[in-house]
Amino acid sequence: MIDKKIGNKCTGCTACVNICPKNAITMKTENTGFKYPVINQKKCVNCKLCKKICPVLNTKKNKSINECYMGSAKNENIQKTSSSGGIFSILANYILDNNGIVIGAAFVDNKLKHIAITNKDELEQLKGSKYLQSDLEDIFKFVKYKLKENKILFVGVPCQVAGLKAFLKSDYDNLLCIELICHGVPTPKLFDKYVKEIEKNENDKLVKYNFRDKSTGWETYSNTAVLSKKEITELYSENNYMKLFLSDVALRKSCFNCNFKLGNKYADITLGDFWGIKNYYYEMYNENGVSAIIINTKKGKEYFDAVKKNLKFKECNIESIIKGNPSLKKSVKYNKNYENFFRDINYLNIDKLVEKYGAKEITLLARFKNLARKIIKFLRK
Ligand SMILES: Cc1cc2nc3c(=O)[nH]c(=O)nc-3n(C[C@H](O)[C@H](O)[C@H](O)COP(=O)(O)OP(=O)(O)OC[C@H]3O[C@@H](n4cnc5c(N)ncnc54)[C@H](O)[C@@H]3O)c2cc1C
Ligand code: SF4
Ligand code: SF4
Ligand code: SF4
């Protein structure tokens, strides 16, 4: 059975749960709000299958072709409604046009989970980064079943893609996997608390939450809470949820020692924001957002070639992507206040948590960027 030592390194990818022939493993929510696998010893027959397939216990170095691009969707609406350059939507539209299924993270009753869609009207729910861990539930079994007849695009953070590939064991020609460059995932417990406090303070219900509202720019994005009677928009640097996310106190423990950084990629394509693009390729800068696109496999390249007519793009080197995006290569550093934060989350309100644990340095830099953006806009008029 799964080695007890995995403990904090477990990403919650659900591969072991799905592979167990005796249904002996279930995901249980811990005090931290993250889910971990728990084995029912009465059902377990010690076949060790879970241990053999766990992608954390069986890390392999995957070869990647590492062909890199920067790019944005040509369609301005897609640019504006996606987190970076909208490459995910371009690939998703291609799969849906070919009668395929797209699987990604969406909010259902303010809980984030992976869902499957089959038509373009449903794509809006998947678009955009949501900064908390998504619940995979039974989606891996669904993928395996549907792969018998359908093309599938699966998108997730790298450990989720690694979990899916481990569960499937063999590669499927009709499965395209996209992963995101990943800073780490905060606990759903924090988002739940944050939403409850907004609803209480406003005496209203949250309808939608947008972590990457570009109405204030791509680099100076905002968070917008859409309530039934009003909308609250705050620069990410002023937003309490983002201050706690970016101080790294609320992340899953596995994120401090992540096995799925550059050099160990399971997905066909890796997508992220091309932060710092102005320093390297000014001519490719787009105020609505530019994606960093890393092609890891031959299959990824075939899909990229099939959709590139819908993109403005240019080849680049991996170093320029890493410079603005260290998360591609390295895990974030463990925050020494981590344990205290998870104690206090049960007692303190969000304001008090931010006072004690929030990232302070982001506010000044983002205010400066926002001011510079406003001045440039004004001068252009
Ligand atoms: C938790 C998290 C951390 C990230 N950290 C970085 C980073 O450090 N550097 C960087 O450059 N980029 C990071 N990204 C990725 C980046 O924000 C964009 O998602 C990426 O550039 C793709 O943008 P897009 O415009 O092509 O697609 P988008 O329209 O933004 O679509 C993104 C896709 O990601 C899926 N998704 C959204 N949230 C989650 C989630 N919580 N779990 C699994 N799948 C999800 C959605 O279903 C959607 O299909 C992160 C994303 C997330 C969710
Ligand atoms: S050892 Fe086999 S039966 Fe036991 S939990 Fe793991 S997969 Fe299930
Ligand atoms: S990393 Fe995935 S497969 Fe390994 S123990 Fe955790 S949930 Fe199971
Ligand atoms: S940092 Fe690594 S372990 Fe954490 S969510 Fe991202 S891919 Fe998974």
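Structural data are supplied above this passage.
Residues numbered from 1 in each chain as written. Chains lettered and ligands numbered in written order. Predicted model: local features only at pLDDT ≥ 70, side-chain atom pairs only at ≥ 80, totals over all residues.

**Q** If you had to explain the overall build of the protein chain to someone new, which residues and values would you point to?
**A** Secondary structure assignment for the protein chain yields 15 helices and 13 strands. A compact globule built from 381 residues should have a C-alpha radius of gyration of about 21 Å, and the protein chain, at 21 Å, falls within 12% of that. Expressed as lengths along the three principal axes of its C-alpha atoms, the size of the protein chain is roughly 70 × 50 × 40 Å. Across the 381 residues in the protein chain, those meeting the buried criterion constitute 44%. The contacts in the protein chain between residues at least 6 apart in sequence include a share of 69% that link residues at least 24 apart. (Helix = DSSP H or I, 4+ residues; strand = E, 2+ residues; numbered from the N terminus. Rg over C-alpha atoms; globule rule 2.2 N^0.38 Å. Buried ≥ 20, exposed ≤ 12 C-beta atoms within 10 Å, placed from the backbone. Contact = placed C-beta atoms within 7 Å.)

**Q** Go over the sheet that holds strand E8 (residues 206-213) with me, naming the residues and quoting the values.
**A** Pairing within the open sheet is antiparallel, and its three strands lie in the order E8-E9-E10. The open sheet has two free edges, formed respectively by E8 and strand E10 (231-235), since each of these has just one partner strand. The average angle at which neighbouring strand axes cross in this sheet is 10 degrees, direction not considered. Pairing geometry for E8 and strand E9 (residues 222-227), over five bridges, is antiparallel. When the bridges of E9 are listed, Asn 210 appears paired with Thr 224. (Pairing = 2+ DSSP bridges. Axes fitted to C-alpha atoms, helices over the stretch in contact; angles between N-to-C directions.)

**Q** Could you give me a rundown of the site of ligand 1, with the residues and numbers involved?
**A** In the region of ligand 1, 32 residues are neighbours, and Ser 82, Ser 83, Phe 88, Gly 104 and Gly 272 sit closest. Looking at the shell around ligand 1, the elements with two or more residues in it are helix H4 (87-97), strand E4 (101-108), strand E6 (152-156) and strand E11 (269-273). Residues that form the shell around ligand 1 fall into these classes: 13 nonpolar, 16 polar and three charged. (Near = placed C-beta within 6 Å. Nonpolar A, V, L, I, M, F, W, Y, C, P; charged D, E, K, R; others polar.)

**Q** Give a description of the nonpolar core that names residues and reports values.
**A** With 102 residues, the main nonpolar core has Cys 16, Leu 91, Leu 153, Phe 154, Cys 177, Ile 178 and Ile 293 as its most contacted residues. Per-element accounting of this core gives the leading share, seven residues, to H4. The residue makeup of this core includes at least three contributed by each of domain 1 (4-53) and domain 2 (188-249 + 348-380). Non-local contacts of Leu 91, meaning those with residues more than four positions away in its chain, are made with Leu 153, Ile 178, Tyr 303 and Val 307. (Core = buried A, V, L, I, M, F, W, Y, C linked by C-beta atoms within 7 Å. Domains from an automatic or database assignment.)

**Q** Talk me through the packing of H4 against helix H11 (residues 298-307); I want residue IDs and the actual numbers.
**A** It is the contact of H4 with H11, at a shortest axis distance of 10 Å, that shows an interaxial angle of 90 degrees. The angle between H4 and H11 places the two elements in the roughly perpendicular class. Here Ile 90, Leu 91 and Tyr 94 of H4 lie close against H11, whose contacting residues are Tyr 303, Ala 306 and Val 307. (Parallel < 35°, antiparallel > 145°, perpendicular 65-115°, else oblique.)

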